Amino acid sequence: MWRGYRIHKETGLLEEINLENYDLNPTKNFYIWNAILNNKVVSEKNITSLLNTTCFEAKTVNNRIVSVKAYQMTTQTMFTIYATNYADCSGDSITAAIANAQYMYGRESKTEYNEELTNHYEKDNKTMGNSLLIQARELNHKVAFKAPSWAEKISVEKLKSKGVNLKEPYENFWYIEIGGTDDVIKNAENINKRLLEICFGIWDTIKNSGEFDADNYELEFVGFLGAKRESKRLLGDYVLTGVDIKQARHFDDSVAYGGWPMDDHNPEGFDGEKSNFYINVPNTYEIPYRCLYSKNINNLFFAGRNISLTHMASSSARVMGTCATLGEAIGCASFISKKHKCSPREVMKYIDELQQVILVNDNFIPNVNRKVSSLSIKSEFNGDNVLRNGIDRNLNNQINSVNIHNGETIRYSLSDRLVKNVKIVFDSDLKRDSFKEMHESEKKHPTRSNQLLDSPLMYVPLTLAKEYSLICKDKDNKVIYQYSENHNIKRNIILDINLVCSSVELVVKSNYGNTDFTNIFTFEIN
């Protein structure tokens, strides 16, 4: 999630989901988006999905979680889950309550981590607040709205001070936020009750004051589950600080990154005069692996807004795009932990390997390049060497892609060597320049808050390869493997081969922009 640095846009699973969303959901329908996310989970053979299930108890022995108990209310079923490692991605750090994982809460003082950039001086238990999402839809006729009796009265002046503008694509009512001066976990239901009152009161004023040109708008959606920006943050071996972010500090164990400003919301939220305090982040910043596992629970990972960081650091790293990179990082770390039969902390011994696994899965780590196999480097290749330089995106002042004429064959020639897999990275237009005249908000976000009559229809980025073939041949020039795709919607492609080959050929036939040339970042054999 970025302000001005779209060249560093998150890739990996998040980009894979975004591309599928463009293909299946051109109107950015929120419910279709939810279905796409759900399908990503249920279609993964190694995931057992337990929806509507609450973890309420953990058994720990010698600072390790042995089991977790959970209740699924829809099936009235109790589960006991046994695992080698666990990951707390709950946002609210549920393991702090059920497993006594050490945690932080509230705002640090200026001196605790030398964060002179904070907007407060003394340590307190205040946080950023909770929000409910509302969405509006523009129609071609007038729609009346009658507020319920319990809706809070909201003045026109209050809404104008927040900048309400239904025509503005960035308008997402983020300032409907309260609870930061309360306990956002313990009193979440009471906070939620008032948020609903505020939501309906805001819509009443928008619709019926005559000040917001809203005659032809209806209330499309109101959330009933409060969204938290901050609560308990689990304690790891390192605590990321606002100073680290501002200085873009380098970490040898960097596994993820961020770029959103330090966007510190006023704990008073909607009731306060100023909604947030904003500190620009001049560069992408790194997030070290030591922030992603517990200091005192030896088999606990965590990812999301509840990682090990200060309040000021969380005001930047809490956003969804950054959280997605953290989730991928601990997924890869869990793989390394299982492979080497080691704890999350001991994965630090294999940090180089962890970083490479993260990069192979199409994630970006600032200042870390993906290592290219010796098979790729040493084999005869008729393409541009940029395609095997280990950098899968363009960077500032560095072009790492090649325009290939559609129908041209790019070939590795080798003397009967085992090829385990092939990695291809196509250009999904991370800057979204192929969306041309669209508003920046449309380019950045997979959903929109308000549906307007002239909201654009989305499409797969025009630079992405649509049709391609991969062919492997033996020493007799006989085809021993062939894969063809006529409707590609992936940027990162890894094809398992496991055959002795004399040549590996890639042919791109078309792209979504119907141009004669298609941009490619990577074509490697391993």
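Residues numbered from 1 in each chain as written. Predicted model: local features only at pLDDT ≥ 70, side-chain atom pairs only at ≥ 80, totals over all residues. Heavy atoms only, no water.

Points about the sheet that holds strand E8 (residues 177-178)
Spatially, the three strands line up as an open sheet ordered E8-E6-E10, and their pairing is antiparallel. Of all strands in the sheet, those with a lone pairing partner are E8 and strand E10 (227-228), marking the two edges. Alignment of strand E6 (residues 130-131) against E10, held across two bridges, turns out to be antiparallel. If you follow Ser 131 over to E10, its bridge partner there is Ala 227. (Pairing = 2+ DSSP bridges. Helix = DSSP H or I, 4+ residues; strand = E, 2+ residues; numbered from the N terminus.)

Some details on the packing of aromatic side chains
Two aromatic rings are characterised by how far apart their centres lie and by the angle between their planes. Scanning the entire structure with this criterion turns up 16 aromatic pairs. Note on Tyr 22 and Phe 435: the rings are 5.2 Å apart at their centroids and 80 degrees apart in plane angle, and the pair reads as edge-to-face. Of this pair, Tyr 22 sits in helix H1 (residues 12-24) while Phe 435 sits in the loop between strand E19 (409-426) and helix H11 (440-444); the two residues are 413 residues apart in sequence, bridging distant segments of the chain. For the pair shown, Tyr 22 and Phe 435 are each scored as buried. Where Tyr 238 meets Phe 251, the ring centres are 5.3 Å apart and the plane angle is 70 degrees; that geometry is what we call edge-to-face. One end of the pair, Tyr 238, is in the loop between strand E11 (233-234) and helix H6 (242-247); the other, Phe 251, is in the loop between H6 and strand E12 (254-258), with 13 residues separating them in the sequence. Residue Tyr 238 shares its accessibility class with Phe 251, and that shared class is buried. Sitting over the ring of Phe 270, Lys 158 keeps its end group 5.1 Å from the ring centre. Taking NZ or CZ as reference, Lys 232 lies 5.0 Å from the ring centre of Tyr 103, over its face. (Phe/Tyr/Trp six-rings, centres within 6.5 Å; stacked < 30°, edge-to-face > 60°. Buried < 20%, exposed > 50% of the residue type's maximum accessible area, 1.4 Å probe, protein only. Lys NZ or Arg CZ within 6 Å of the ring centre and 35° of its normal.)

Some points on the nonpolar core
The biggest cluster of nonpolar side chains holds 49 residues, and the ones touching the most others in it are Ile 65, Leu 240, Val 255, Tyr 289, Leu 292, Ile 307 and Leu 354. Among the elements of the structure, strand E2 (64-72), helix H3 (94-98), E12, strand E15 (285-288), strand E16 (300-302), helix H7 (311-317), helix H8 (320-340) and helix H9 (351-360) are those that each provide at least two residues to this core. Residue contributions to this core peak at six residues, all from H8. What Ile 65 contacts, discounting residues up to four positions off in sequence, is Ala 58, Lys 59, Thr 60, Ala 83, Tyr 86, Thr 95, Ala 99, Ile 297, Asn 299 and Leu 300. Core analysis: the second largest hydrophobic core is formed by 36 residues, Tyr 22, Leu 387, Val 460 and Leu 495 among them. (Core = buried A, V, L, I, M, F, W, Y, C linked by side-chain atoms within 4.5 Å. Contact = heavy atoms within 4.5 Å.)

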